[in-house]
Amino acid sequence: MRVLLVAKPRKKPNIPIEAERILPRTFLEGDEFTVFEGNKERRLTDLFSVSIEGEARDVSEVEVILRGDVSRVKRIGEYMDGGCILIEGSVGMHCGNFMSGGTIEIGGNADHWLARELQGGTVICHGDAAHYLASGYRGEKHGMRGGTVIVHGNAGDFAAEYLAGGSVTIHGSAGDMAGVEMKGGELVIGGDCYRPCGNMTGGTCTVHGTAHNLLPTFRKIRTAPLTAGGPPYAVFEGDIANRGKGTLFIRNYRYMD
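The notes below deal with the structure included here. (Residues numbered from 1 in each chain as written. Predicted model: local features only at pLDDT ≥ 70, side-chain atom pairs only at ≥ 80, totals over all residues. Heavy atoms only, no water.)

Another aspect to go through is the environment of Arg-243. Examined against the element boundaries, Arg-243 turns out to sit in the loop between β17 (232-238) and β18 (246-255). Taking C-alpha positions, Arg-243 is 6.9 Å from Thr-201, a pair spaced 42 residues apart along the chain. (Helix = DSSP H or I, 4+ residues; strand = E, 2+ residues; numbered from the N terminus.)

Time to look at the pairing of β17. The element β17 is extensively covered by neighbouring structure, given that five of its seven residues are classed as buried. Looking at chain direction, strand β16 (residues 219-225) and β17 are connected through six bridges and run antiparallel. By the bridge assignment, Lys-220 is partnered in β17 with Phe-236. Between β16 and the antiparallel strand that follows it, β17, lie six residues; Gly-229 among them carries a positive phi value of about 80 degrees. (Buried < 20%, exposed > 50% of the residue type's maximum accessible area, 1.4 Å probe, protein only. Pairing = 2+ DSSP bridges.)

Here we take up the side chain of Arg-10. Position of Arg-10 among the secondary structure elements: in the loop between β1 (2-7) and β2 (17-18). Within the structure, the side chain of Arg-10 is placed 2.8 Å from the backbone oxygen of Pro-13, a separation counted as a polar contact. (Polar contact = N/O pair within 3.5 Å; in protein donor to acceptor, adjacent residues only side chain to side chain.)

With that settled, the discussion passes to the packing of aromatic side chains. Scanning the entire structure with this criterion turns up eight aromatic pairs. Relative to Tyr-253, the ring of Phe-236 lies with its centre 5.0 Å away and its plane at 85 degrees, an arrangement referred to as edge-to-face. Placement of the pair is Phe-236 in strand β17 and Tyr-253 in strand β18, with a sequence separation of 17 residues. When its relative accessible area of 0% is taken as the criterion, Phe-236 is described as buried. Judged by its relative accessible area of 31%, Tyr-253 falls in the partly exposed class. Judged by centre distance (6.2 Å) and plane angle (90 degrees), the ring pair of Phe-236 and Tyr-255 falls under edge-to-face. One end of the pair, Phe-236, is in strand β17; the other, Tyr-255, is in strand β18, with 19 residues separating them in the sequence. An aromatic cluster of at least three residues, connected via ring pairs, comprises Trp-113, Tyr-132, Tyr-137 and Phe-158. Positioned above the aromatic ring of Tyr-233, the side-chain terminus of Arg-251 is 5.9 Å from the ring centre. (Phe/Tyr/Trp six-rings, centres within 6.5 Å; stacked < 30°, edge-to-face > 60°. Lys NZ or Arg CZ within 6 Å of the ring centre and 35° of its normal.)

Next up, the structure:
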């Protein structure tokens, strides 16, 4: 089944749409459901032109394509458990919340909390991701627990906060405090970052660029290449302030003054 949703022009395009029901499983039962535009309940067809082709035996055979401006559409793919969502442009906040299966692919940028508390599946963003990529929500002590997140651009602050499982790869740079409170899993940053992995207790973080303002509570234990014949990386353990057993591989670093 192929579901195409084309966003219609809106009189007030900055009002967010709460669209947690836009996910493959919902369309197994048709398109007669509602979403909220601000505090107004709307039919899906009030906000999107909908076309459905073919049939599906189960959720794995459903592909949902979003076209047009959905940069103010929030919670797409929340609790998604299978199938595929392809977003051709940029997407609003909380895309892929609590997802456990399937694939979400974003052609543009993603707003805050992309892949928040992910449990499984794959999220690919071809642009930049804003703050709190693959993190827990405010006050939540558990972040992403499984699955795969790949960002081909840069990420904002607090990427992979409370990461406990799965893998997060940022091909560009990350902002401040990437991997803070990490408990497990793997975080890879292709460029630079600031104050990575504070209070880390487990997991592995690799920084291929420069880690600025590295916290003094990380202890360097050796220097070694990641691959045979590759450049040397400094290997740290920590955060020793929290009796942490995490591991950092950093190409270049500068301790906090």
